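If you want the building blocks of each chain, they are given just below.
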Amino acid sequence: MLTSEHQTTPDADARRALLFLITINGMGPKRLRRLLDAFDTPQAALAASASEWIRLGIPASLAHQQPRGMADRVETMLSWLDESEQHHLILAGEKSYPPQLADLPDAPAALFGKGDIRLLGEPQLAIVGARTPTSGGINNARAFARYLSAQGLVITSGLALGIDAAAHRGALAAHGATVAVMGTGPDIIYPREHRELAEQIVAQGGLLISEWPPGTLARKEHFPRRNRLISGLSEGVLIVEASLKSGSLITARLAAEQGREVFAIPGSIHNPLSRGPHRLIREGAKLVETAQDIFEELIDTLGARLHQTDDISLLEPESSPALAAQLDPEQQKILDCLGFDPQSADTLIASSGLTPAEVSSILLMLELAGHVTTLPGGLYVRTA
């Protein structure tokens, strides 16, 4: 549903014309902003001649494009907007449009949201990383999000598998706010297994936000483009785990170009997912070891917009029973031999004096319990 300001601006005709413009294949945010800046209203932009569009650098093939089904798509968008007070269309220039996006050269002319759009004006920290992280990476993302959301930061991520999901869940666990920036329309949850997570985000006062209109399915090219909004909305971006080819490094690069802070958690030199954060640190990202490092970095600029909690438990693991009490002597022996550097099973057999069968069984039990994770190349690393 439109917010109160949308009920008068834009009016129904302007809203419909804008949605037609958004639906044109190949339009893109820069071309759409160029059109809206050149004409007084979306209706005027839609009614302008092909030559006027060409003069603005917009291909003639886009002018007055009326692909089959476009009108139906617009009606679908309008129906979605009207079906709930939690459904929003936010236009550039309106009070509810996030000011931190306004100066981006490719800022979207419109955003579609589901949930509490007031979060767009709150200080945000993006937490992103690998889609197939180690359990230690998941624990770090969740713990950092849990602590920082309790300090007043909105945790922003991309609803993807792995680190993104852990960040959203960490904020929810602290009863904090989280924003999911989507590479689909706000009504299409991708990946499908995150439908319940998306529902929980909205139910707990969070927000799903997208520059793509309702009904837009996931496409590969959407996600790199989505990343500029994750970084653009945020005061800073934290990279937890990422390979050198990870899309998270794109988000970090965009954050640096946008003047945002870039933070990275270091890891073992043997872990391929540490290579992305390590490269960022070499290039100037701020190395962080605790969530407090990020809080102290941002408090100088955000000041009273953050509030430091005295709840020490937020700095501790969510499950706090003593690890030794949960393990038998042989399991503890393998953990002691493993330490916190990745090792092969053969190395553990040699250092522990146990048989290959015993070590294999113990490693499996430790992995199922979440104390050990497997890295590429058959290496094991301790996570707790």
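Anyway, here's the lowdown on the structure attached to this text. (Residues numbered from 1 in each chain as written. Predicted model: local features only at pLDDT ≥ 70, side-chain atom pairs only at ≥ 80, totals over all residues. Heavy atoms only, no water.)

## A few points about the packing of helix H10 (residues 222–232) against helix H11 (residues 247–257)
(1) Moving on: Running from N to C, H10 and H11 point in directions that differ by 45°, and their axes come no closer than 9 Å. Overall, the two elements H10 and H11 adopt an arrangement that is oblique. H10 and H11 meet at a crossing whose hand is right-handed. Between H10 and H11, the residues in contact are Pro 224, Asn 227, Arg 228, Ile 230 and Ser 231 and Gly 247, Ile 250, Thr 251, Leu 254 and Ala 255, respectively. (Axes fitted to C-alpha atoms, helices over the stretch in contact; angles between N-to-C directions. Helix = DSSP H or I, 4+ residues; strand = E, 2+ residues; numbered from the N terminus. Parallel < 35°, antiparallel > 145°, perpendicular 65-115°, else oblique. Left-handed = near helix turned anticlockwise from the far one by under 90°. Contact = heavy atoms within 4.5 Å.)

## Quick notes on the pairing of strand E1 (residues 87–91)
(1) Moving on: Where burial is concerned, most of E1 is hidden: 5 out of the 5 residues are buried.
(2) Moving on: Along E1, one buried face is formed by His 87, Leu 89 and Leu 91 and the opposite face, lined by His 88 and Ile 90, is buried too.
(3) Moving on: In this structure, E1 lies alongside strand E2 (residues 110–115), joined through 5 bridges in antiparallel fashion. Opposite Leu 89, over in E2, you have Phe 112 as the bridge partner. (Buried < 20%, exposed > 50% of the residue type's maximum accessible area, 1.4 Å probe, protein only. Pairing = 2+ DSSP bridges.)

## Some details on a nonpolar patch on the surface
(1) Moving on: A surface patch of nonpolar side chains, about 330 Å² in accessible area, is lined by Leu 364, Met 365 and Leu 368.
(2) Moving on: Classification of Met 365 as partly exposed rests on a relative accessible area of 45%. (Patch = residues over 30% accessible without salt bridge, like charges linked within 9 Å, V, L, I, M, F, W, Y side chains within 5 Å. Areas by Shrake-Rupley, 256 points an atom, 1.4 Å probe, with all protein chains shown as cover. Salt bridge = Lys/Arg side-chain N within 4 Å of Asp/Glu carboxyl O.)

## Quick look at the pattern of salt bridges
Opposite charge on two side chains permits pairing when their charged atoms draw close.
(1) Moving on: A complete count under the given rule lists 10 salt bridges for this structure.
(2) Moving on: Note that Arg 118 and Asp 116 form a salt bridge whose closest N and O atoms lie 3.0 Å from each other.
(3) Moving on: By sharing partners, the salt bridges in this structure join Asp 106, Glu 211, Arg 225 and Arg 228 into a single network.

## Examining the side chain of His 222
(1) Moving on: Tracing the backbone shows His 222 in helix H10.
(2) Moving on: Among the polar contacts made by the side chain of His 222, one reaches the main-chain carbonyl oxygen of Gly 183 at a distance of 2.9 Å.
(3) Moving on: Here His 222 is in contact with Gly 183, Trp 212, Thr 216 and Leu 217, once residues within four sequence places are set aside. (Polar contact = N/O pair within 3.5 Å; in protein donor to acceptor, adjacent residues only side chain to side chain.)

## What to know about the environment of Pro 133
(1) Moving on: Within the secondary structure layout, Pro 133 lies in the loop between strand E3 (124–128) and helix H7 (135–150).
(2) Moving on: Between the C-alpha atoms of Pro 133 and Leu 21, which are 112 residues apart in sequence, the distance is 39 Å.
(3) Moving on: Setting aside anything within four residues of it in sequence, one finds Pro 133 in contact with Ile 138, Gly 162, Ile 163, Glu 241 and Leu 273.

## What to know about the sheet that holds strand E11 (residues 372–375)
(1) Moving on: Spatial strand order, E10-E12-E11: 3 strands in an open sheet with antiparallel pairing. Of all strands in the sheet, those with a lone pairing partner are strand E10 (343–344) and E11, marking the two edges.
(2) Moving on: Alignment of E11 against strand E12 (residues 379–382), held across 4 bridges, turns out to be antiparallel. Along E12, the bridge assignment pairs Thr 374 with Tyr 380.

## A look at the pairing of E2
(1) Moving on: Most of E2 sits out of view: 5 of its 6 residues are buried.
(2) Moving on: Here E2 pairs with strand E6 (residues 207–210) via 4 bridges, running antiparallel. The partner of Gly 113 across the bridge, within E6, is Ile 209.

## Quick word on the sheet that holds strand E9 (residues 286–287)
(1) Moving on: Ordered in space as E1-E2-E6-E5-E4-E3-E7-E8-E9, the 9 strands form an open sheet in which the pairing is mixed. With partners counted over all chains shown, the strands left at the sheet margins are E1 and E9, one partner each.
(2) Moving on: Taken together, the 4 bridges between strand E7 (residues 236–239) and strand E8 (residues 261–264) define a ladder with parallel strand orientation. Within E8, the residue paired with Leu 238 across the bridge is Phe 263.
(3) Moving on: Where H10 meets the sheet, it contacts E2, E3, strand E4 (154–157), strand E5 (178–181) and E7, and its direction lies at approximately 160° from that of E5.

## Points about helix H9 (residues 195–203)
(1) Moving on: Along H9, the residues classified as buried are Leu 197, Ala 198, Ile 201 and Val 202. One face of H9 carries all of its buried residues, which in axial projection span an arc of 135°. Turned more than 90 degrees away from the buried face of H9 sit Glu 196, Glu 199 and Ala 203, all of them exposed. (Arc of directions from axis to C-beta.)

## Re the environment of Gly 370
(1) Moving on: Relative to the helices and strands, Gly 370 resides in the loop between helix H17 (356–368) and E11.
(2) Moving on: Taking relative accessible area as the criterion, Gly 370 reaches 30% and is therefore assigned partly exposed.
(3) Moving on: For the pair formed by Gly 370 and Gly 136, sequence separation is 234 residues and the distance between their alpha carbons is 8.8 Å.
(4) Moving on: In contact with Gly 370, other than residues within four places in its own chain, are Ser 135 and Thr 383.

## A closer look at the packing of aromatic side chains
(1) Moving on: Applying the stated criterion across every chain yields a total of 1 aromatic pair.
(2) Moving on: Between Tyr 190 and Phe 223 the ring centres are 5.6 Å apart and the planes differ by 40°, which places this aromatic pair in the tilted class. Of this pair, Tyr 190 sits in the loop between E5 and H9 while Phe 223 sits in helix H10; the two residues are 33 residues apart in sequence, bridging distant segments of the chain.
(3) Moving on: What makes Phe 223 buried here is its relative accessible area of 15%. (Phe/Tyr/Trp six-rings, centres within 6.5 Å; stacked < 30°, edge-to-face > 60°.)

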